[in-house]
Amino acid sequence: MSAKSPFKVFSGTNSRYLAEKICNSLGCELGNMNITHFADGEFAVSYEESIRGQHVFLVQSTFPNSDNLMELLLMIDAAKRASAKSIIAVVPYFGWARQDRKDKPRVSIGAKLVADLLSVAGIDRLITMDLHADQIQGFFDIPVDHLYASTIFAPYIQSLNLENLVIATPDVGGSKRASTYAKYLDVPLVLCHKTREKANVVASMQIIGDVKDKNVILIDDMVDTAGTITKAADIMKEAGARSVRAIASHCVMSGPASERVQNSQLEEIVFTDSIPYSLRCAKVKQLSIADMFAETIRRVMSNESISSQYLI
């Protein structure tokens with residue numbers, strides 16, 4: 001697209017790698033923005049070029065730490081005060097999404113709070129991908145374009161040419177997502193039922209279905225400490241699976257995750273690049289979502305259908 005198009009793309013600090021790829025795909029330059037840090041940890045955002053009357057796309061995943069979210073909020077506020085025509089938050093990974101309901105007394109609903117913060121700050125639209133729960137879209141009173149990484153993952157799975165393929169989910173909560181893949185690929189679905197002692201600690205897990213002599217692909221939306229996904233892979237191998245791979249949209253990979261993946265029965269684990277992954281693990285592979293987001297931005301600007309680009 002021409003650099004004279006009536007929109008500009010800007011990026012927060014830790015999502016710049018992705019924003020640059022998106023701009024390359026769009027054929028435009030990444031906008032010039034300055035983030036000044038103070039000695040006490042506070043920071044300020046300023047646009048170093050005019051955005052008056054422009055459609056402004058702000059690329060920033062809100063993964064931990066919370067500076068990424070705060071940076072996005074300041075970017076939105078600065079754009080609004082600089083008379084941008086519209087402000088579109090491009091948030092490939094929407095943080096705090098696991099806090100989408102009151103699952104016990106006296107807890108916060110973090111996903112709703114983040115939605116309110118973004119809305120009050122002044123966004124006109126949100127573009128995100130593979131929310132932990134689809135209903136989080138209902139926390140917003142603005143348009144939400146919810147993209148699916150299946151557009152990237154489905155062709156990759158098909159390129160593996162695996163015989164006796166089985167799609168599996170490491171917990172029952174992800175059964176809808178895994179079922180969609182299984183139907184599209186026309187292969188069986190296997191479920192894992194897990195119980196937790198506490199957050200990030202799996203107590204037990206049982207397989208529901210047959211994996212003997214099968215090539216299994218586990219489907220999930222994110223991998224945090226990798227406790228669930230690696231335990232599922234190990235149990236699948238014990239049950240006679242020929243091979244086990246995993247596919248997840250968001251590469252959170254905190255704490256001991258990389259070591260667990262490396263020492264597990266997983267052949268490989270494939271993520272998108274919605275979150276930067278700096279640690280090196282031979283079994284981790286990342287596929288870029290830049291072209292998908294660039295196409296979505298193009299369609300938003302030309303008022304074309306977003307859903308028609310989904311495979312499943």
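Worth saying up front: this structure is predicted, and the values here are computed from it rather than measured.

**Q** I'd like a description of the sheet that holds strand E5 (residues 86-91), backed by residues and values.
**A** One open sheet holds the five strands; their spatial order is E1-E4-E5-E6-E7, and the pairing between them is parallel. Both edges of this open sheet fall to strand E1 (7-11) and strand E7 (144-147), since each of them pairs with a single strand only. When the angles between neighbouring strand axes are averaged without regard to direction, this sheet yields 15 degrees. Taken together, the four bridges between strand E6 (residues 125-129) and E7 define a ladder with parallel strand orientation. Bridging across to E7, Leu-126 finds its partner in Val-144.

**Q** Describe in detail the UniProt feature "binding site: D-ribose 5-phosphate" (unreviewed entry) in the chain, supporting the description with residues and values.
**A** In the UniProt entry, the feature "binding site: D-ribose 5-phosphate" (unreviewed entry) is given for Arg-196, Asp-220, Asp-224, Thr-225, Ala-226, Gly-227 and Thr-228. Looking at the secondary structure, you find Asp-220 in strand E11 (residues 215-223). Those residues within four positions of Asp-220 in sequence are excluded, and the remaining contacts are Pro-170, Arg-177, Ile-229, Ile-247, Ala-248 and Ser-249. Of note, Ala-226 is situated in the loop between E11 and helix H6 (227-238). What makes Ala-226 buried here is its relative accessible area of 4%. Apart from the residues lying within four places of it in its own chain, the contact partners of Ala-226 are Ala-257, Arg-260 and Val-261.

**Q** Explain the pattern of salt bridges residue by residue, including any values.
**A** Under the criterion given, the structure shown has 13 salt bridges. Between Asp-224 and Arg-98 there is a salt bridge, with the nearest N and O atoms lying 3.0 Å from each other. Here Asp-224 is found in the loop between E11 and H6, whereas its partner Arg-98 is found in the loop between E5 and helix H3 (110-121), with 126 residues between them in sequence. For Arg-98, a relative accessible area of 39% puts it in the partly exposed group. With a shortest N-O distance of 2.7 Å, Asp-100 and Arg-101 are connected by a salt bridge. Among the ionic contacts, a cluster of salt bridges with common partners joins Glu-295, Arg-298, Arg-299 and Glu-304.

The rules behind each value
Residues numbered from 1 in each chain as written. Predicted model: local features only at pLDDT ≥ 70, side-chain atom pairs only at ≥ 80, totals over all residues. Heavy atoms only, no water. Pairing = 2+ DSSP bridges. Helix = DSSP H or I, 4+ residues; strand = E, 2+ residues; numbered from the N terminus. Axes fitted to C-alpha atoms, helices over the stretch in contact; angles between N-to-C directions. UniProt positions renumbered as here; feature names shortened; annotations may be inferred. Contact = heavy atoms within 4.5 Å. Buried < 20%, exposed > 50% of the residue type's maximum accessible area, 1.4 Å probe, protein only. Salt bridge = Lys/Arg side-chain N within 4 Å of Asp/Glu carboxyl O.

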